[in-house]
Amino acid sequence: MQNFQQNLQKLEAADTQVLGVSLDSTFSNAAWAEKIGVTFPLLSDWGGDVTHKYGIYNSKYKAARRVTYLIDKEGKVVEMQVDSEAIDPTKLVNYCEVHKPKK
Amino acid sequence: MRRKLIGILGMLLLASATLARLPVLRAQEPQKEGPPEPTIKVGDEAPDFTLLDQNRKPVSLHDYRGKKTVALAFYVFAFTGG
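Residues numbered from 1 in each chain as written. Chains lettered and ligands numbered in written order. Predicted model: local features only at pLDDT ≥ 70, side-chain atom pairs only at ≥ 80, totals over all residues.

A word on the confidence of the model for chain B
Working step 1: Residues with a pLDDT of 70 or more make up 78% of chain B, whose mean pLDDT is 83.
Working step 2: For this predicted complex, the interface score ipTM comes out at 0.93, while the overall pTM is 0.79. (pLDDT = per-residue confidence, 0-100.)

Remarks on the environment of N7 of chain A
All names here are of chain A.
Working step 1: Inspection of the secondary structure puts N7 in the loop between α1 (2-6) and α2 (8-13).
Working step 2: Taking the C-alpha atoms as reference, N7 lies 8.1 Å from T90; in sequence the two are 83 residues apart.
Working step 3: What N7 contacts, discounting residues up to four positions off in sequence, is P89 and V93. (Helix = DSSP H or I, 4+ residues; strand = E, 2+ residues; numbered from the N terminus. Contact = placed C-beta atoms within 7 Å.)

Notes on the pairing of strand β5 (residues 67-71) of chain A
Working step 1: Summarising burial for β5 of chain A: five of the five residues are buried, a large majority.
Working step 2: Taking every second residue as pointing to the same face, both faces of β5 of chain A are buried, with V67, Y69 and I71 of chain A on one and T68 and L70 of chain A on the other.
Working step 3: With five bridges connecting them, β5 of chain A and strand β6 (residues 77-82) of chain A associate as antiparallel partners. Bridge assignment links Y69 of chain A to a residue of β6 of chain A, and that residue is M80 of chain A.
Working step 4: Connecting the antiparallel pair β5 of chain A and β6 of chain A is a turn made up of five residues, with G75 of chain A showing a positive phi of about 85 degrees.
Working step 5: The pairing of β5 of chain A with strand β3 (residues 69-74) of chain B spans five bridges and is antiparallel. Bridge pairing in β3 of chain B links L70 of chain A to A71 of chain B. (Buried ≥ 20, exposed ≤ 12 C-beta atoms within 10 Å, placed from the backbone. Pairing = 2+ DSSP bridges.)

As structure tokens, then:
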């Protein structure tokens, strides 16, 4: 999430909203957001319904798999990154900048 | 008599060798528990949701429909890297 925060200006400039999701409680997300200075929403999928819906619930760790989805304005997935690839959002930032709406 | 016996034994051997090769009869190997394969992939409609953020404010995916691109980042646990 720290990497997203570092790239937040670029992503916001490219008309992109970052949303973090995990199975953590809102309380631990609030504490973590404050600790690492995250300003975008960290969503609590308490119970894992959404994580299950996307098929990335890892029963071994009782947690979500690390996956980042890029969803366009029509609600369609246009890009995804999985596991270690998902730690560095550079690819997504580039995608957003290339597809930035021209003003 | 002896020839017949050898013949039967030979056939039994052959039969057992063939049977052992059939995968159905082999003990099933325990399935390795790998990471889950995402069911939502590039080109799919992203399932909508409404979840609470760290300030307990509800956030829905459809809030951004027609307005913004969304980078939806699932992470493993709070207080870990990445």
